[in-house]
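Residue-level structure breakdown
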Amino acid sequence: MEKLANYIDGQLAPAASGGWLEDFEPATGKPYARIPDSHKADIDNAVAAAQRAFPEWSATSSAERGAWLLKLAALVERDLEKLVGAESLDSGKPVALARSLDIPRAVTNLRFFAAAATQFASESHAMESGAINYTLRSPLGVVGCISPWNLPLYLFTWKLAPALAAGNCVVAKPSELTPMTAYLFSELCIEAGLPAGVLNVVHGLGPKAGARLVEHPDVKAISFTGGTRTGADIASRAAPKFKKLSLELGGKNPTIVFADCDFERTVSESARAAFSNQGEICLCGSRILVERSLYERFREAFMQRVQSLRLGDPSDERTEQGPLISEAHLQKVLGYLDLARKEGGKILCGGRRANPKGRCTTGWFVEPTVIENLPSDCRTNQEEIFGPVVTLIAFDTEEQAIDWANSTPYGLAASLWSENTSRCHRVAARLEAGLIWVNCWMLRDLRVPMGGVKQSGTGREGGWEAMRFFTEARNVCIKYA
Ligand code: NAD
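Residues numbered from 1 in each chain as written. Predicted model: local features only at pLDDT ≥ 70, side-chain atom pairs only at ≥ 80, totals over all residues. Heavy atoms only, no water.

What follows covers the nonpolar core. With 102 residues, the main nonpolar core has Phe185, Leu199 and Leu283 as its most contacted residues. Each residue touching leucine 199, except ones within four places of it in the same chain, is listed here: Tyr7, Leu160, Val170, Ala172, Phe185, Cys189 and Leu194. With 22 residues, the next largest nonpolar core counts Ala274, Ile288, Val290 and Met303 among its residues. (Core = buried A, V, L, I, M, F, W, Y, C linked by side-chain atoms within 4.5 Å. Buried < 20%, exposed > 50% of the residue type's maximum accessible area, 1.4 Å probe, protein only. Contact = heavy atoms within 4.5 Å.)

So this is what it looks like as structure tokens:
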């Protein structure tokens, strides 16, 4: 069984304790690799290495830091097929999705922030009273980046690229459920000759390795993407230490379909929004609110689309639905299907575990599931399921659609579908979500602020927001005679 290693101070190494964790293939439910079970000592070593590297790295020119990111981007691009296969094997995502979305986005993240490094500028404010302010923006020092399993290399690079571009040194903790591409990335850093300690990757469990990273006194900021409960725990530990915090958390995103939408496109895109990556994308639209006059027609066309989704071995190029990430997550999703039934939901399709024939029969698959007949305020419609499960809800008025869309504790994303431009602007302005898509879904411009409101998090990633997060502003005010 392959053994993965931490990447600390430019070297690959096992955990100091010698402990290992199993890494499972979701398509079969069987372990296929081992990762270091890292603890305090590994995080402490990584932070110390990052601190040693910081003076030199932060003194390099922004063009040089950009050049390092471009070099890494080129290596990821060179190894695209290998990384696509590794990501699909490790996370269960269909190989076609890893090829069209995850790995190309990792390349783009690195290139985007390579450019940002050279374009980032700080503000200057002239005062009428005869003074000028300019703002210095310096890197923070050692920062921690903690990423989840659903978009492994995509979100790992989304954090470390701006952190490095801004001149910080990084200790990254990828999800223990999907360590493989972060490990392969650390091999690429060694091949590129990235100076030792600039980036360190420590594998292991959240409550051990992750928690130590959050609490380490020399880590100045934590950029975290993951569940809301974990985010609350991290905030409670980091806030008393006055660390900078960026928290990108869960969602329960509405898709709002008005009767005047472009019907065919809305049906196919709302199905994509619901079931991409088996519904395991924080931006997935898991509650579809449909104007009552269109409801039956929409339901029929939507069901046809969902029932045609091809579930199976994620390594098969034609597969559209792979397995869920873990046995525990499978049980959580199945638990929500039971809850939906108890709450009076009518399962229109799916609703069960799936056991594809062949090598994947023991994998963690759930049939794509559509449920109707549930009120907006029941638990099924309020809590994040994070699987291939979507509910359909009919609404009568625009006001009702907005109320229900905003009714959950979350506020990450929303999409709305209508050909009435005034309505689109009017409704978009009232949605409590950090990302609102009109007549599209997950169309991403990396310059825009990305993040949620309410329990979906605090802070924003993307573009200058990320560069500002990873720098400290100091203002100098000069009075002239
Ligand atoms: P998770 O919170 O269980 O884990 C995320 C990461 O945090 C992992 O690396 C984990 O090891 C680590 N971790 C866990 N406990 C920790 C602790 N006490 N201290 C420090 N680190 C700890 O989340 P997950 O299950 O990996 O990811 C799924 C969740 O992520 C979903 O809720 C999803 O909505 C959310 N998500 C949000 C966004 C966004 O941009 N808002 C993007 C992707 C995923």
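Now that the structure has been shown, the text picks up again.
The next point concerns the packing of aromatic side chains. Scanning the model with the defined rule gives 9 aromatic pairs in all. Positioned above the aromatic ring of phenylalanine 263 is the side chain of arginine 297, whose terminal nitrogen or guanidinium carbon lies 3.7 Å from the ring centre. (Phe/Tyr/Trp six-rings, centres within 6.5 Å; stacked < 30°, edge-to-face > 60°. Lys NZ or Arg CZ within 6 Å of the ring centre and 35° of its normal.)

Below, the discussion takes up helix 7 (residues 206-215). Turning to helix 7, its buried residues are Ala209, Gly210, Ala211, Arg212, Leu213 and Val214. On its buried side, helix 7 packs onto helix 1 (40-59), strand 8 (142-146), strand 9 (169-173), strand 11 (219-225) and helix 8 (228-238). (Helix = DSSP H or I, 4+ residues; strand = E, 2+ residues; numbered from the N terminus.)

On to the packing of helix 2 (residues 62-78) against helix 5 (residues 152-165), then. Two elements in contact, helix 2 and helix 5, have axes separated by 10 Å at closest approach and are oriented at 160°. As the angle between them shows, helix 2 and helix 5 are arranged roughly antiparallel. Seen from above, helix 2 lies across helix 5 with right-handed handedness. Side by side, helix 2 and helix 5 meet where Arg65, Leu69 and Val76 of the first sit next to Leu153, Ala161, Leu164 and Ala165 of the second. Considered class by class, the residues forming the contact of helix 2 with helix 5 number 6 nonpolar, no polar and 1 charged. (Axes fitted to C-alpha atoms, helices over the stretch in contact; angles between N-to-C directions. Parallel < 35°, antiparallel > 145°, perpendicular 65-115°, else oblique. Left-handed = near helix turned anticlockwise from the far one by under 90°. Nonpolar A, V, L, I, M, F, W, Y, C, P; charged D, E, K, R; others polar.)

Moving on, we get to unusual backbone geometry. At aspartate 9, a position not held by glycine, the phi torsion is positive, near 55°. Here aspartate 9 is to be found in the loop between strand 2 (6-8) and strand 3 (11-13). By relative accessible area, aspartate 9 is classed as partly exposed at 30%.

Next up on the list: the domain arrangement of the chain. Segmentation of the chain into domains returns domain 1 (2-249 + 456-479) and domain 2 (253-445). If you average the C-alpha positions of domain 1 and of domain 2, the two centres end up 30 Å apart. With 30 residues of domain 1 in contact, the opposing surface of domain 2 contributes 30 residues. Approximately 2,300 Å² of surface area, both sides summed, lies buried where domain 1 meets domain 2, with 58% of it carried by carbon and sulfur atoms. For domain 1, the biggest contributors to the area lost against domain 2 are Ala27, Trp149 and Ser456; these three give 23% of the whole. Joining domain 1 to domain 2, the criterion identifies 2 salt bridges. Here glutamate 25 and arginine 359 are joined by a salt bridge, their closest N and O atoms 2.9 Å apart. (Domains from an automatic or database assignment. Buried area = accessible area lost by both parts, 1.4 Å probe. Salt bridge = Lys/Arg side-chain N within 4 Å of Asp/Glu carboxyl O.)

Read from one edge to the other, the open sheet built from 3 strands follows the order 6-7-25, with strand pairing classed as antiparallel. Each edge of the open sheet is held by one strand with a lone partner, namely strand 6 (124-127) and strand 25 (471-479). On average, each strand axis in the sheet is inclined to that of its neighbour by 20°, with strand direction left out of account. Examined bridge by bridge, strand 7 (residues 131-139) and strand 25 share 9 bridges and lie antiparallel to one another. Paired with isoleucine 132 across the bridge in strand 25 is isoleucine 478. (Pairing = 2+ DSSP bridges.)

A few words now on the site of the ligand. The ligand sits among 29 residues. The nearest are Trp149, Lys173, Glu176, Thr230 and Glu384. Between an oxygen atom of the ligand and a side-chain N or O atom of glutamate 176, the distance comes to 2.6 Å. Within the complex, the protein chains bury 89% of what would otherwise be the 850 Å² of accessible surface of the ligand. Broken down by secondary-structure element, the contributors of at least two residues to the shell around the ligand are helix 7, strand 11 and helix 8. If one sorts the elements of the shell around the ligand by residue count, helix 7 sits on top with 4 residues. Its residues assigned to classes, the shell around the ligand comprises 14 nonpolar, 10 polar and 5 charged. Both domains that meet at the shell around the ligand, namely domain 1 (2-249 + 456-479) and domain 2 (253-445), each give it at least three residues. (Near = heavy atom within 4 Å. Polar contact = N/O pair within 3.5 Å; in protein donor to acceptor, adjacent residues only side chain to side chain. Areas by Shrake-Rupley, 256 points an atom, 1.4 Å probe, with all protein chains shown as cover.)

With that settled, the discussion passes to the side chain of glutamine 382. Positionally, glutamine 382 belongs in helix 12 (residues 379-382). A distance of 3.0 Å separates a polar atom in the side chain of glutamine 382 from the backbone oxygen of serine 376. Residues within four places of glutamine 382 in sequence aside, it is in contact with Lys252, Ser376, Asp377, Ser407, Thr408, Pro409 and Tyr410.

Summed over all chains, the structure comprises 33 salt bridges. Between glutamate 269 and arginine 272 there is a salt bridge, and its shortest N-O distance comes to 2.9 Å. Of the two residues, glutamate 269 and arginine 272 both sit in helix 9 (residues 263-275), 3 residues apart, roughly one turn of that helix. Take arginine 272: its relative accessible area is 36%, and that puts it in the partly exposed class.

Right, let's get into the sheet that holds strand 19 (residues 389-395). Pairing is mixed across the open sheet formed by 7 strands, whose spatial order is 15-18-19-14-13-21-22. Whereas interior strands pair on both sides, the edge strands pair on one side only; in this sheet they are strand 15 (346-349) and strand 22 (435-438). Put simply, the sheet's adjacent strands are angled 25° from each other on average, direction ignored. Sheet analysis places strand 14 (residues 285-291) next to strand 19, joined by 5 bridges and oriented parallel.

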